Amino acid sequence: MLLSLLPYLLGGLALTLLIGPLVSYWRDRKGLRSFPSPSFAGFSSIWRIWHNLHHNHYWAVHMAHKKFGTHVRIAPNHVSIVDPQASYDIYGHGANMMKEGFYDAAAGAHRNLTDARDKYEHQRKRKMLAHVFAQKTIVGLEPVLLEVLDTFVAAVDAHVQSGESMNIRLYFNYFTIDLLGMILFSKRMGCVTRGNDLVDAETKEGVVYKTPFLKSLLNSFVLNIPLAMEPSILPITKLLSRPLPHFKDGENYENIIYHHTKQRLQKGTSKNDIFTRLLQDSKGN
């Protein structure tokens, strides 16, 4: 059934990506054509997607600003701004701007603080979780940070003494995984000690396996970010992207979180970590 519909899906996708943006560009309901844009970025998100897939999106946008100034149209419905005042106008307390559809790509059934687009929903969730990041909580986690830091320093010293080279960038990532494992789940991931990022993951059927944390996380972004750059056709592009290996990496990352959340829930509120604060409100309820 799906294979028979594939030509129609591809045709609809091509129509949406090519003809739809051209019509929208010339109608210009929002007056965005007054902003300069590099190449064909003004009428197609393919410009952004292309540069993102080649890992130089940040540089392409930077060079566009150097050429065109503070306001550059980098997609049909996206103006990039490098004026300092923009942070207040767009993100300030009184700004009434909804988050862009970009955040729909990675959103699950229940929105979190990152992908909640509605401002009032975001404020409600933020108020519920404010106590999690209170000063008292953060200071209480300082011994955990020092413990993980000691492990990191010991690993550096071991490499120095043995004369073995060390990829410090990777070890900073291992340090971050170990630290987050401790402060969130009270779980010793052991990445710095082992010198790798293989961690446990679990399917919904209960199958536990090992998977690389960094590859699972980063490759899910490699897929999600280009999809998010054209949010209007997410139902189609998500369907077409399922056969890609990056989709499997995204599932692996979800299974990492699922496994450690499942394990941590069994421990209840007995640990001094962020997860305990997630299970309780500011009054301990």
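Just above, that's the structure.
Residues numbered from 1 in each chain as written. Predicted model: local features only at pLDDT ≥ 70, side-chain atom pairs only at ≥ 80, totals over all residues. Heavy atoms only, no water.

1. Digging into the packing of aromatic side chains
- By the definition in use, this model includes seven aromatic pairs.
- Summarising the aromatic geometry, the rings of Phe102 and Tyr103 are spaced 5.6 Å apart at their centres and angled 75° between planes, so their arrangement reads as edge-to-face.
- Overall, Phe102 belongs to the partly exposed group, its relative accessible area being 26%.
- With relative accessibility at 31%, the residue Tyr103 sits in the partly exposed group.
- An aromatic cluster of three or more residues is present, and its members are Phe152, Phe172 and Phe175.
- Taking the ring centre of Tyr103 as reference, the NZ or CZ of Lys99 above it sits at 4.6 Å. (Phe/Tyr/Trp six-rings, centres within 6.5 Å; stacked < 30°, edge-to-face > 60°. Buried < 20%, exposed > 50% of the residue type's maximum accessible area, 1.4 Å probe, protein only. Lys NZ or Arg CZ within 6 Å of the ring centre and 35° of its normal.)

2. Re the pairing of strand β1 (residues 71-75)
- Judged by how many residues are buried, β1 sits mostly within the fold: four of five residues are covered.
- When β1 meets strand β2 (residues 78-81), the two strands line up antiparallel, connected through four bridges. By the bridge assignment, Val72 is partnered in β2 with Ser80. (Helix = DSSP H or I, 4+ residues; strand = E, 2+ residues; numbered from the N terminus. Pairing = 2+ DSSP bridges.)

3. Section: the environment of Pro143
- Here Pro143 is to be found in helix α7 (residues 142-162).
- Along the chain, Pro143 and Ser34 lie 109 residues apart, while their C-alpha atoms are 55 Å from each other.

4. Quick notes on the side chain of Asp197
- Considering the arrangement of structural elements, one finds Asp197 in the loop between α9 (191-194) and β3 (198-202).
- Although Asp197 lies buried, it forms no salt bridge, and the closest oppositely charged side chain, Arg194, sits 7.0 Å away as judged by the N-O distance.
- Those residues within four positions of Asp197 in sequence are excluded, and the remaining contacts are Tyr174, Ile177, Cys191, Thr211, Pro212, Phe213, Leu214 and Lys215. (Lys, Arg positive; Asp, Glu negative; His and termini not counted. Salt bridge = Lys/Arg side-chain N within 4 Å of Asp/Glu carboxyl O. Contact = heavy atoms within 4.5 Å.)

5. Some thoughts on unusual backbone geometry
- Notably, Ser39 is not glycine yet its phi reads approximately 50°, a positive angle.
- For Ser39, the location among the structural elements is in the loop between α1 (2-27) and α2 (46-53).
- You can call Ser39 exposed: its relative accessible area is 58%.
- Residue His55 is not a glycine yet carries a positive backbone phi of 60°.

6. Notes on the pattern of salt bridges
- Inspection of the entire model under this criterion finds nine salt bridges.
- In this structure, Asp104 and Arg111 form a salt bridge, with 2.8 Å as the shortest nitrogen-oxygen distance.
- Look at Asp104 and you get partly exposed, because its relative accessible area is 22%.
- Note that Lys125 and Glu121 form a salt bridge whose closest N and O atoms lie 4.0 Å from each other. Here Glu121 and Lys125 lie together in helix α5 (residues 119-129), a separation of four residues that amounts to about one turn.
- By relative accessible area, Lys125 is classed as buried at 18%.
- The exposure class assigned to Glu121 is partly exposed, which follows from its relative accessible area of 23%.

7. Some points on the environment of Gly42
- Checked against the element boundaries, Gly42 lands in the loop between α1 and α2.
- Take Gly42: its relative accessible area is 2%, and that puts it in the buried class.
- Each C-alpha atom, one on Gly42 and one on Ala86, is 21 Å from the other, the two residues being 44 residues apart in sequence.
- Among all residues touching Gly42, those that are not within four sequence positions of it are Tyr25, Ser37, Arg73, Ala75 and Pro76.

8. What about the environment of His131?
- Position of His131 among the secondary structure elements: in the loop between α5 and α6 (135-140).
- With relative accessibility at 17%, the residue His131 sits in the buried group.
- Leave out the neighbours within four places in its chain, and His131 touches Thr137, Arg277, Gln280, Asp281 and Ser282.
- Reaching out from His131, the side chain makes a polar contact with the backbone oxygen of Arg277 at a distance of 2.9 Å.
- From its side chain, His131 meets the backbone oxygen of Gln280 in a polar contact 2.6 Å long. (Polar contact = N/O pair within 3.5 Å; in protein donor to acceptor, adjacent residues only side chain to side chain.)

9. A closer look at helix α12 (residues 245-265)
- Over its 21 residues, α12 extends 30 Å from the first C-alpha to the last, a length consistent with the 30 Å expected when each residue adds 1.5 Å.
- Those residues of α12 hidden inside the fold are in contact with α8 (168-185), β3, β4 (208-212), α10 (213-228) and α13 (274-279). (Expected span 1.5 Å × (residues − 1).)

10. Topic: the packing of α2 against helix α3 (residues 57-68)
- Their axes nearest at 7 Å, the elements α2 and α3 cross at an angle of 130°. Judged by the angle between their axes, α2 and α3 are oblique. Taking contact as the criterion, the partners of Trp47, Arg48, His51 and Asn52 in α2 are, on α3, His57, Ala60 and Val61.
- Partitioning the contact of α2 with α3 into residue classes produces three nonpolar, three polar and one charged. (Axes fitted to C-alpha atoms, helices over the stretch in contact; angles between N-to-C directions. Parallel < 35°, antiparallel > 145°, perpendicular 65-115°, else oblique. Nonpolar A, V, L, I, M, F, W, Y, C, P; charged D, E, K, R; others polar.)

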